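Each chain is listed here by its residues.
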Amino acid sequence: MSFQEQILLWNHAALKVLDVRRTTMQPGESIHGYQLPASVFLYASRGRAQLLLDHTVYSADKCHVCHAGKGTFLDIVNVMETFEYFMVFYKAVLALPARKDLLRLQEKSNPFKLQFGFMPQHSLSLFLQMEEMYQQWIQLGALEKFHVKALFHRFVYEMLQQLQEQGGEMTGPEPVGQAIRYMQERYAEQITLQGLAELLDCNGRQLQRLFKAQVSMGPMEYLMQVRLGKAKSLLQHTDVPITEIAEDVGYADSYYFSRIFKKHVGVSPRRFREKSGQADFRRQNPLVLSHFPIVPSKLQTYSGLGEDEYHYRNLGGSMTSYANSSPKSSIAIGFMMTLALLLSVCSGPAAVSAQADGSLVYTKRALVQSTAVVGGTSESTAMASVQTTRTITHLKGELPLDKIPEKIVVLDAQYIDQLLALGTQPVGTVIATSDVSEFPAYLSHQLSGIQLMGTKEKPDLQAIRLAEPDLIICTEFQAHKYDELAQMAPTLLLDRNADWRSTLQTFGQILDKEQEVPYVLASYEHKIATLQAALASKLGGETVALIRPRDYQIRLHTIAHRTADILYGDLGIQAPDCAKDKESSSKWISLESLQHVDRLLVLTDDSNKELISEYQKSEEWQRLRAVQANQVYSVNTTMWIGYYGPIAIDLILDEIAEAFLQENLPTV
């Protein structure tokens, strides 16, 4: 990013000063591992010391200026003489609505997170502004705070001007390194992926991907490895009770700690201690066994962050949170009655009959053996006799299959839903979710042991190869790697935007369960008909829009979008004029375009909760008809958009019924 591009972002950003501090350190004092709670300018006003920003060393003499982003680790060492410095913590966001080119620039390189340090040639003006900012800040008055804001803008302008003239170099942040250091130093604290991402001022999904790319495991898995390593050391070298060791390494529940330890180490903590020759160690090191009060029995942890430096935002207004919703019983009862139970699927045909009340009743025919998902396939599949060759048509032609594949790898996560609906779990999949979790809540409890294969944009070819699959299913995202995939195993290239019903029929062919597909579809059509009639009576001509706030803009899903088509096509809900676009499945719109929409479905996930909160505070949002009528509904992005299969769609219908009708669908 050029300097002019950075200036462009500074010019369009809304800047808010969060705190102004002045600190004095004496020779011999030091600060280690202070993780910045916000972006900061540090100005050394007198003395000498060494500053380390994520291990990059700056020799800070009088008038030295440094900048770093939220989550950066700051160390101040080698204080040679009385060292005084100012710190101005601030937050910068692009004002809404922001232009696309500005958003792309910020994604490319965020100037508010860049790290640099330099000695300005004209330092007196910067010092005077910093001194006045501090004096105004400590007065705590509203007018004084406004004055600080004005002074800060002037300080940033003069600092950037001098930095440009001197040709100072800037480096980007290293969130993985920051996260690793944080977990290594504070492993005993309660750490979540979302909390870690907020601390580092990045997206949880982005942090997960960066971690796996650089460390070959996720952040939470790395944290577990750190904790278990500390626990093993304590078990080897102390006789501290196991319950206390569990607490010392971050596990409040000692029983859970023991289960985790045995699962990953291979033996229980007690057995590990016995095998480590603890008795010999205690005889040779009696002082370690002391229980006198002078020796603390628990590790002492230190956090340089105040409690107010961790913050979590919840959606307000009229939205209901998907995270708090429980799975509907209609996943198993209703359209999945076709299959007896979601994961206990009939391998043979079923009979269907219409009742007097119009409902459909499904019954198993004789000699049908039920199946259960085991190790990525089903018992009936594993015991299948010789199969006739089936030819699967796909985007690369035709692929003959002479047996039912037992180890399937899918490179588009939506196909997990399709396979589970037919009683089969893939052995491996890519990750596709906007939440910090690897899989959506409605499926995660059914996916034990599944292997991760990267993302659909960057599949992990080595992991795929090691899984030794019988079949690989990919989409246009991996078309450029098709030949390489086909060398590993038979590979199908499917259209990821094909109607879910036709895709289900393809999977029926693959699994030799074609006879089950019509009853899944019949159940869906019956449910659609029931809900469509109820909605027509309830909504009349009210319009409904499906929107997704992201990248500081509003994305509207049109009638051409596959999920929106369930609303407008299958259910007959009235689309607003702005959504009647047959050429593009989504488009960017302004809030004003939604002014006369009667109801809003807002796609919500961990990546956009803060942005939604910002929108909700705006006057434009409050003026929307749907907001004033309390007819805004929060739905999960991953389930509604990412997973396009019968199980997800059945849940979507339930959520529509609950939101618009304030009641659950009758089971069929």
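Residues numbered from 1 in each chain as written. Predicted model: local features only at pLDDT ≥ 70, side-chain atom pairs only at ≥ 80, totals over all residues. Heavy atoms only, no water.

K.L.:
Can you walk me through the sheet that holds strand S3 (residues 39–46) in this structure?
P.N.:
Each strand in a sheet pairs with another by means of backbone hydrogen bonds, the pair being arranged parallel or else antiparallel. With respect to topology, 5 strands assemble into an open sheet ordered S1-S8-S3-S6-S9, the strand pairing being antiparallel. A strand with exactly one partner marks an edge of an open sheet, and here the two such strands are strand S1 (13–25) and strand S9 (116–118). Sheet twist, expressed as the average angle between the axes of neighbouring strands with direction ignored, equals 15°. Relative to strand S8 (residues 83–94), S1 is paired through 12 bridges, and the arrangement is antiparallel. Following the sheet pairing, Met 25 is matched in S8 by Phe 83. Here helix H3 (residues 124–137) sits on the sheet and contacts S1, S3, strand S6 (65–68) and S8; the angle it forms with S1, its principal contact strand, is near 90°. (Pairing = 2+ DSSP bridges. Helix = DSSP H or I, 4+ residues; strand = E, 2+ residues; numbered from the N terminus. Axes fitted to C-alpha atoms, helices over the stretch in contact; angles between N-to-C directions. Contact = heavy atoms within 4.5 Å.)

K.L.:
Looking at this structure, how should I read the pairing of strand S14 (residues 390–394)?
P.N.:
For a regular strand, side chains alternate in direction, first toward one face of the sheet and then toward the other. Residues Arg 390, Ile 392 and His 394 of S14 are buried on one face, while the alternating residues Thr 391 and Thr 393, pointing to the opposite face, are not. Between S14 and strand S15 (residues 397–401), which follow one another and run antiparallel, lie 2 residues. (Buried < 20%, exposed > 50% of the residue type's maximum accessible area, 1.4 Å probe, protein only.)

K.L.:
Please clarify how the side chain of Asp 412 should be interpreted in this entry.
P.N.:
Along the polypeptide, Asp 412 turns up in the loop between strand S16 (408–410) and helix H14 (414–421). Those residues in contact with Asp 412 that sit more than four places away from it in its chain are Val 430, Lys 456, Ile 473, Thr 475 and Arg 496.

K.L.:
I keep staring at unusual backbone geometry and nothing clicks. Help me out?
P.N.:
Leaving glycine aside, a negative phi is the common case for residues, and trans is the common case for peptide bonds. In this model, Asp 512 sits at a positive phi of 60°, which is unusual for a non-glycine residue. Turning to its location among the elements, Asp 512 is positioned in the loop between helix H18 (500–511) and helix H19 (517–539). The exposure class assigned to Asp 512 is partly exposed, which follows from its relative accessible area of 29%. Positive phi, close to 55°, is recorded for Asn 630, a residue that is not glycine. Asn 630 sits in the exposed class, given a relative accessible area of 52%.

K.L.:
What's the story with the packing of aromatic side chains in this structure? I'm lost.
P.N.:
Geometry of an aromatic ring pair is reported as the spacing of the ring centres plus the angle between the planes. The full count for this structure, using the stated rule, is 21 aromatic pairs. On the basis of an interplanar angle of 35° and a centroid distance of 5.9 Å, the ring pair of Trp 10 and Tyr 90 is categorised as tilted. Taken as a pair, Trp 10 in helix H1 (residues 3–12) and Tyr 90 in strand S8 lie far apart in primary sequence, 80 residues in all. For Tyr 90, a relative accessible area of 1% gives the class buried. Summarising the aromatic geometry, the rings of Tyr 43 and Phe 127 are spaced 6.4 Å apart at their centres and angled 35° between planes, so their arrangement reads as tilted. (Phe/Tyr/Trp six-rings, centres within 6.5 Å; stacked < 30°, edge-to-face > 60°.)

K.L.:
How should I be thinking about the packing of H18 against H19 in this particular structure?
P.N.:
For any two helices packed against each other, the geometry comes down to the angle between their axes and how far apart the axes lie. Where H18 meets H19, the axes come as close as 10 Å, and the angle between the chain directions of the two elements is 160°. Considering the angle they form, H18 stands roughly antiparallel to H19. The element H18 and its partner H19 pack so that their crossing is right-handed. Packed against H18, whose contacting residues are Trp 500, Arg 501, Leu 504, Gln 505 and Gly 508, the element H19 presents Val 517, Val 520, Leu 521, Tyr 524 and Glu 525 at the interface. (Parallel < 35°, antiparallel > 145°, perpendicular 65-115°, else oblique. Left-handed = near helix turned anticlockwise from the far one by under 90°.)

Treat this as a map of the structure, not an account of what it does.
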